[in-house]
Each structure stands twice: as C-alpha cells, then as structure tokens.
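One-letter residues, chain by chain:
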Amino acid sequence: MAVEPVPGEAAAVAETGDQRLLLLGDYHAGLELGLRRDGVELRSRADDRLDRLLGIVERTRPDRLVVLGDLGHAIGDPYGDERDELEAIFDRIDVPITVAKGNHDGDIEHLFEAIDGEVTLTPTHGARIGSIGVVHGHTWPSPTVLEADVVCIGHEHPVVRLEDEVGGHRVERVWLRGGLSAAPFEEHYDAELAVDGELVVFPAFNELSGGTWINVEGQEFLSPFLPAGLDGGEAYLLDGTRLGQYTDV
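What counts, and where the lines are drawn
- Sequence order as written defines residue numbering, which begins from 1 separately in each chain.
- The predicted origin of the model limits local features to residues at a pLDDT of at least 70 and limits the giving and counting of side-chain atom pairs to 80 or more, whereas totals for whole chains, interfaces and linings rest on all residues.
- The basis for every side-chain value is the complete set of heavy atoms in the structure, and neither hydrogens nor water enter the calculation.
- Here a strand is any run of E in DSSP of at least two residues, a helix any run of H or I of at least four, and the numbering for each starts at the N terminus.
- Any two strands with at least two DSSP-identified bridges between them are counted as paired.
- Fitted lines through C-alpha atoms give the axes, limited to the stretch in contact for helices. The angle between two N-to-C directions lies from 0 to 180 degrees.
- Only heavy atoms enter the contact rule, under which two residues are in contact if any of them lie within 4.5 Å.
- For each residue, the accessible area found with a 1.4 Å probe, counting protein chains only, is set against the maximum for its type, and the residue is called buried under 20%, exposed over 50%, and partly exposed in between.
- N or O atoms closer than or at 3.5 Å make up a polar contact, with two conditions inside protein: a donor-capable atom paired with an acceptor-capable one, and, for residues adjacent in sequence, both atoms drawn from side chains.
- Any carboxyl oxygen of Asp or Glu that lies within 4 Å of a side-chain nitrogen of Lys or Arg is treated as forming a salt bridge with it.
- Ring pairs are drawn from Phe, Tyr and Trp, using the six-membered ring of Trp, whenever the two centres fall within 6.5 Å, and their geometry is named by plane angle: stacked under 30 degrees, edge-to-face over 60, tilted for the rest.
- A positively charged side chain is recorded as over a ring if its NZ (Lys) or CZ (Arg) lies within 6 Å of the ring centre. The angle to the ring normal must also be within 35 degrees.

Engineer: What is the right way to look at unusual backbone geometry in this model?
Structural biologist: Peptide bonds are trans in most cases, and residues, glycine excluded, mostly fall at negative phi. Here the residue pair Leu226 and Pro227 is connected by a cis peptide bond, since its omega of 5° sits within 30 degrees of zero. One can find Pro227 in the loop between β13 (212-213) and β14 (230-237). The phi dihedral of Asp70 is positive, around 55°, even though this residue is not glycine. Secondary-structure assignment places Asp70 in the loop between β4 (64-67) and α3 (80-92).

Engineer: Sorry if this is basic, but what is going on with the sheet that holds strand β6 (residues 119-122) here?
Structural biologist: By way of backbone hydrogen bonds, the strands of a sheet pair with one another, either parallel or antiparallel. Taken in spatial order, the six strands of this open sheet run β1-β2-β3-β4-β5-β6, and their pairing is mixed. Edge positions in the sheet fall to β1 (3-5) and β6, since each of these pairs with one other strand and no more. Across this sheet, the average inter-strand angle for adjacent strands is 25°, counted without regard to direction. On top of the sheet, helix α2 (residues 46-60) reaches β2 (11-16), β3 (19-24) and β4; it is set at about 155° to β3, its chief contact.

Engineer: Hey, could you run me through the pairing of β4 in this one?
Structural biologist: It is a general feature of regular strands that their side chains alternate between the two faces of the sheet. Side chains Arg64 and Val66 project from β4 onto one buried face, and the interleaved Leu65 and Val67 project onto a second face that is buried too. Where β3 lies against β4, four bridges are found, and the strand directions are parallel. Of the residues in β4, the one forming a bridge with Leu22 is Leu65. In this structure, β4 lies alongside strand β5 (residues 97-100), joined through three bridges in parallel fashion. Considered in β5, the bridge of Leu65 is made with Ile97.

Engineer: I'm lost on the pairing of strand β12 (residues 198-201) in this one. Help?
Structural biologist: Alignment of strand β9 (residues 150-153) against β12, held across four bridges, turns out to be parallel. Opposite Val151, over in β12, you have Leu199 as the bridge partner. Alignment of strand β11 (residues 169-180) against β12, held across four bridges, turns out to be antiparallel. Bridge pairing in β12 links Gly179 to Glu198.

Engineer: I tried to follow the environment of Gly178 on my own but got confused; where do I start?
Structural biologist: Checked against the element boundaries, Gly178 lands in strand β11. With a relative accessible area of 13%, Gly178 lands in the buried category. For the pair Gly178 and Glu234, spaced 56 residues apart in the sequence, the C-alpha separation amounts to 6.2 Å. Here Gly178 is in contact with Glu198, Leu199, Leu230, Asp231, Gly232 and Gly233, once residues within four sequence places are set aside.

Engineer: Can you help me understand the side chain of Ser142 in this one?
Structural biologist: Examined against the element boundaries, Ser142 turns out to sit in the loop between β8 (132-135) and α5 (143-146). Setting aside residues up to four positions removed in sequence, Ser142 forms contacts with His125 and Tyr189.

Engineer: Sorry, what's going on with the side chain of Arg64 here?
Structural biologist: Within the secondary structure layout, Arg64 lies in strand β4. Within the local environment of Arg64, its side chain forms a polar contact with the side chain of Gln19, the two groups lying 3.3 Å apart. Looking at Arg64, its side chain comes within polar contact range of the side chain of Thr98, at 2.9 Å. Other than its neighbours up to four places away in sequence, Arg64 contacts Gln19, Arg20, Leu21, Leu22, Val95, Pro96, Ile97, Thr98, Glu118, Thr120 and Ile129.

Engineer: I would appreciate a short explanation of the pattern of salt bridges in the present structure.
Structural biologist: Pairing is possible between side chains of opposite charge, provided their charged atoms come close. Applying the stated criterion to the full structure yields eleven salt bridges. Of the charged contacts, one joins Glu118 and Arg64 as a salt bridge, the two residues approaching to 3.2 Å between their closest N and O atoms. With a gap of 54 residues between them, Glu118 in the loop between α4 (109-112) and β6 and Arg64 in strand β4 connect regions that are remote in the sequence. Judged by its relative accessible area of 13%, Arg64 is buried.

Engineer: How should the packing of aromatic side chains be read in this particular structure?
Structural biologist: For any pair of aromatic rings, the description consists of the separation of the ring centres together with the inter-plane angle of the planes. Scanning all chains against the criterion turns up six aromatic pairs. When the ring of Trp175 is compared with that of Phe202, the centres are 4.7 Å apart and the planes differ by 65°; the resulting orientation is edge-to-face. Within this pair, whereas Trp175 is found in strand β11, its partner Phe202 is found in the loop between β12 and β13, the two being separated by 27 residues in sequence. Considered together, Trp175 and Phe202 belong to a single accessibility category, that of buried residues. An aromatic cluster of three or more residues is present, and its members are Trp140, Phe185 and Phe225. Against the face of Phe205 rests Arg52, its NZ or CZ located 4.1 Å from the ring centre.

Next comes the structure, spelled out in structure tokens:
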C-alpha cells in the first residue's frame, strides 16, 4: 500500500518521490484546556502525546511530518497550555512539518512566525505532496488533491463500538480505506475530474478527541463528501485487524 499504517498507532508512512512522509491527523494539542473550560477536569497529557510522537518519528525516520489538520485545538489563536504544547512540538521535531489547515487551526499560522523550524500550512482545500493528497476534510478538497494516487484526510475521528457475548463493550479508533468515488466531487465542481485513487480516513491521534461512530445507528459523517466519496470502504483497527466493510461492522 502506498500509505502504510504504523502498527498500533494512529499514524502512517508513505513514500513519494524522494520523500518519506509520516502522516497523522487530529493531534488537538491543548485539548485538556478546552475540556476544563467545559467543566471536565483532566490532567494534561501533552508530555505523553509528544513522547509518543517522538517515538514514532524515531521508529519511522521520515523526511517530513504531515499533520492532516487540527494540530491545535482552539479555534482561534493558541494560548496558554496549548501554545506551550505546540511550541514544544516545533522545538523537538527535527524534520520539516506540513500542516493541512483544519477547522481548529484558525490562527495557528501566527505561531509559526516565532519558531525556527520549517513549518508550512496548506490552504483548507489541501495540497499535493508528490503522489499523496493531504487535506483535513472539513471542506472540499481541490481537484489537484483529488487527482492524487492516495488522498489522506482527518477530521472524522472514526471509531467503532465493539461488544462481547456478555454485553460488555469497548470503543476503538479505526482506519477507513477504500476507493475515491468521483461522483460527489464532479457534482460539487460541475466538471469531469481524473479521480481514480484511494481515500484513507485517519483515526484521531488524540485518543481523547471523540469521534464519528461508524457502526451506531443515527450517526452521521462530519465531512461534506462522506460517505458518498468513499467507495467500498473497509475498517481496520490500529493493530491492523481488518473488520471488513465499515457498513457491516
């Protein structure tokens, strides 16, 4: 596969041209600060998240880290604990970083001006990195992104509810993978597009961020092009277990 999940992690690697990419989505730095504002008291897991990310970087040795949106959590300009967490990421990651701008990354570019590392921000409609298209997924990808071999998105935070024979249940983050269906995008752009690639919907890197239940009745996708844009999508657990068609889980 062109985009290969890192076993046990909500992250994947991809080879494109002469670059090895490490991709992940929905880091949501400072999430605990947002939860505290809503009355939910949780200790900050910022150090744990960064240690986990640094461990994955060490394991995969990428040329570039690509975040599929929502690197931060605040809608506006990051401040306080969130700003500290973001600055620690930029200080500790020793490869260039690309962030596909998400709905929670409203003013994150103001932070880039104060750092020394190479950080780039894509438009909300995404960008191409060689044969890989990257976009957060809260808005429609550009035609250029859609014509990539593989389009990678975040935003959705797909999760599945698994039950055992005695009624116990647990929640697991999942990957969604399938063909990229041209129809909804051609209707949106009122044009014929050279769409013939794969769509990969990433699980959220931040396990506290909740998500879209793919096997609970009444749940709806957040992205404007899902589920129509996903052709024959299958679900996979983080450990690689194939659950089959996500509609049948």
